[in-house]
Amino acid sequence: MKIIIDGPSANAWLLELKNVSVDEVEVSEQIRLASDIAKKYIGNHLPNIKDELKYGSGYILIKGVPIDLETSGVDPRLETKIECPSISELSLLGITAASGLRPFSYAQEKMGSLVHEVVPKPDCGNSVSSDGFVEFKLHADGAYLNRAIRPETLSLMCLNNDAQTKTNLILIDDVVHGMSRNDVDILSSLNYMHVSPETFGFGVKSKKIKSSIIDRVDGSWEVKVATHNTEPCGFEAESALTRFIHMANSKVNAISWEPGDFVIFSNLRCLHGRGSISGRRWLKRCYGSRNMVCGSVVDLNDSVV
Ligand SMILES: [Fe+2]
């Protein structure tokens, strides 16, 4: 599903957001205001967005969303907690909240920031994560986490993609439909070790959880896997995972990014990844969930993962 915001609407949207981007207002209130503004411009699409996330292709692209070109000189490698969100951050958080998903973060990831800077960092080049340059294979974020505290959606906002690196997305239904019944049963069994990712390093120990890769939840297929570090238990599990990865890679949708592109996708129904990055690329990201309080910071040391 693709939505295009025309130039005059984007300008009017941007001017409204400038009134919200002020220091004195609480972040949760800024998100509420940004959500109300987003509803003015995409309100007629919201029922379709919600349907698409839950039952359709699992992702939506909105082009021409307001971003703040005037801040493109800011070094995005400096992770700080939001005091005064930028225009692109208000667009990101506002559309996410307008879509019924409450933005939240984890205390142990990126210093608890609600908005993550997705940009390669010179000292993390070989890290298989949002901080690295190297290929990041198909995965779901927080695959090792309990479903209740896993991100339900990811929202991404493009500020720059000189590197022309695409994001790959694949809906789990499209993978499962190409697999044999036997493989589906194996992938549904508790024969896989899920490992906490590299970016969850701040005050939390590496964790391993034994679980399945695909699950049938309320009549729909869901997926949790990081294809680069999920460990199969036994030969059958390994063979099924190899065929699963091959099938997923053969069916991915490659999304080309331009500044002002916003994408929201279901992290429960889709896997995502990208190739290696050569050049400048700057996205902003936030998690969304209907289980969370808007703007909350989840402490994984207090949670049942
Ligand atoms: Fe990811």
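For the structure, check the block above.
Being a predicted model, the structure only gives us computed values, none of them experimental.

Peer 1: So what's going on with the environment of Asp-173? Which residues, and what values?
Peer 2: Among the structural elements, Asp-173 can be located in helix H5 (residues 172-176). On the basis of relative accessible area, Asp-173 is assigned to the buried category, the value being 17%. Separated by 117 residues in sequence, Asp-173 and Gly-56 have C-alpha atoms that sit 9.8 Å apart.

Peer 1: With reference to specific residues and values, describe the pairing of strand E14 (residues 262-266).
Peer 2: Among the 5 residues that make up E14, 5 are buried, leaving the element largely enclosed by the rest of the structure. The alternating pattern of E14 places Phe-262, Ile-264 and Ser-266 and Val-263 and Phe-265 on opposite faces, both of which are buried. The pairing of strand E2 (residues 59-63) with E14 spans 4 bridges and is classified as antiparallel. Bridge assignment links Ile-62 to a residue of E14, and that residue is Phe-262.

Peer 1: Outline the coordination of the iron ion, supporting the account with residue identities and numerical values.
Peer 2: Taken together, the protein ligands of the iron ion are His-139 (NE2), Asp-141 (OD) and His-272 (NE2), with distances of 2.2 Å. Each donor residue of the iron ion lies on the same chain, and together they follow the pattern H-x1-D-x130-H. Here Asp-141 falls in the buried class, since its relative accessible area comes to 8%.

Peer 1: Explain the sheet that holds strand E9 (residues 208-211) residue by residue, including any values.
Peer 2: Taken together, the 3 strands give an open sheet; going across it, the order is E9-E8-E12, and neighbouring strands pair in antiparallel fashion. Where the open sheet ends on each side, the last strands, each with one partner, are E9 and strand E12 (231-232). Where strand E8 (residues 192-195) meets E12, 2 bridges bridge the pair, whose relative direction is antiparallel. Each residue of the ladder has a partner; that of Met-193, found in E12, is Glu-231.

Peer 1: Talk me through the packing of helix H1 (residues 7-18) against helix H2 (residues 27-42); I want residue IDs and the actual numbers.
Peer 2: Where H1 meets H2, the closest approach of the two axes is 10 Å, and the angle between their N-to-C directions is 165°. With respect to H2, the element H1 is oriented roughly antiparallel. Crossing angle aside, the handedness with which H1 passes H2 is right-handed. Contact residues: Ser-9, Ala-12, Trp-13, Glu-16 and Leu-17 in H1; Ala-34, Ile-37, Ala-38, Lys-40, Tyr-41 and Ile-42 in H2. Residue composition of the contact of H1 with H2, by class: 8 nonpolar, 1 polar and 2 charged.

Peer 1: Break down the nonpolar core for me, citing the residues and quoting the values.
Peer 2: By size, the foremost hydrophobic cluster in this structure holds 36 residues, and its most contacted members are Trp-13, Ile-42, Ile-49, Ile-62, Ile-95 and Phe-262. When contributions to this core are tallied by element, the ones reaching two or more residues are H1, H2, helix H3 (46-54), E2, helix H4 (87-98), strand E6 (153-160), E14 and strand E16 (282-289). The contact partners of Phe-262, leaving out residues within four places of it in the chain, are Ile-60, Leu-61, Ile-62, Val-65, Leu-92, Ile-95, Thr-96, Ser-155, Leu-156 and Met-157.

Peer 1: How would you summarise unusual backbone geometry if you had to cite specific residues and measurements?
Peer 2: One non-glycine residue, Gln-164, adopts positive backbone phi at about 55°. Structurally, Gln-164 can be placed in the loop between E6 and strand E7 (167-171). Given the relative accessible area of 66%, Gln-164 is considered exposed. Positive phi is not limited to glycine here, since Asp-218 has a value of about 50°. Along the polypeptide, Asp-218 turns up in the loop between strand E10 (214-217) and strand E11 (220-223). Since its relative accessible area comes to 77%, Asp-218 is described here as exposed.

Scoring rules and cut-offs
Residues numbered from 1 in each chain as written. Predicted model: local features only at pLDDT ≥ 70, side-chain atom pairs only at ≥ 80, totals over all residues. Heavy atoms only, no water. Helix = DSSP H or I, 4+ residues; strand = E, 2+ residues; numbered from the N terminus. Buried < 20%, exposed > 50% of the residue type's maximum accessible area, 1.4 Å probe, protein only. Pairing = 2+ DSSP bridges. Donors = N, O, S within 2.8 Å, 3.2 Å for Na, K, Ca; no water. Axes fitted to C-alpha atoms, helices over the stretch in contact; angles between N-to-C directions. Parallel < 35°, antiparallel > 145°, perpendicular 65-115°, else oblique. Left-handed = near helix turned anticlockwise from the far one by under 90°. Contact = heavy atoms within 4.5 Å. Nonpolar A, V, L, I, M, F, W, Y, C, P; charged D, E, K, R; others polar. Core = buried A, V, L, I, M, F, W, Y, C linked by side-chain atoms within 4.5 Å.

In short, shape yes, function no, at least from these values alone.
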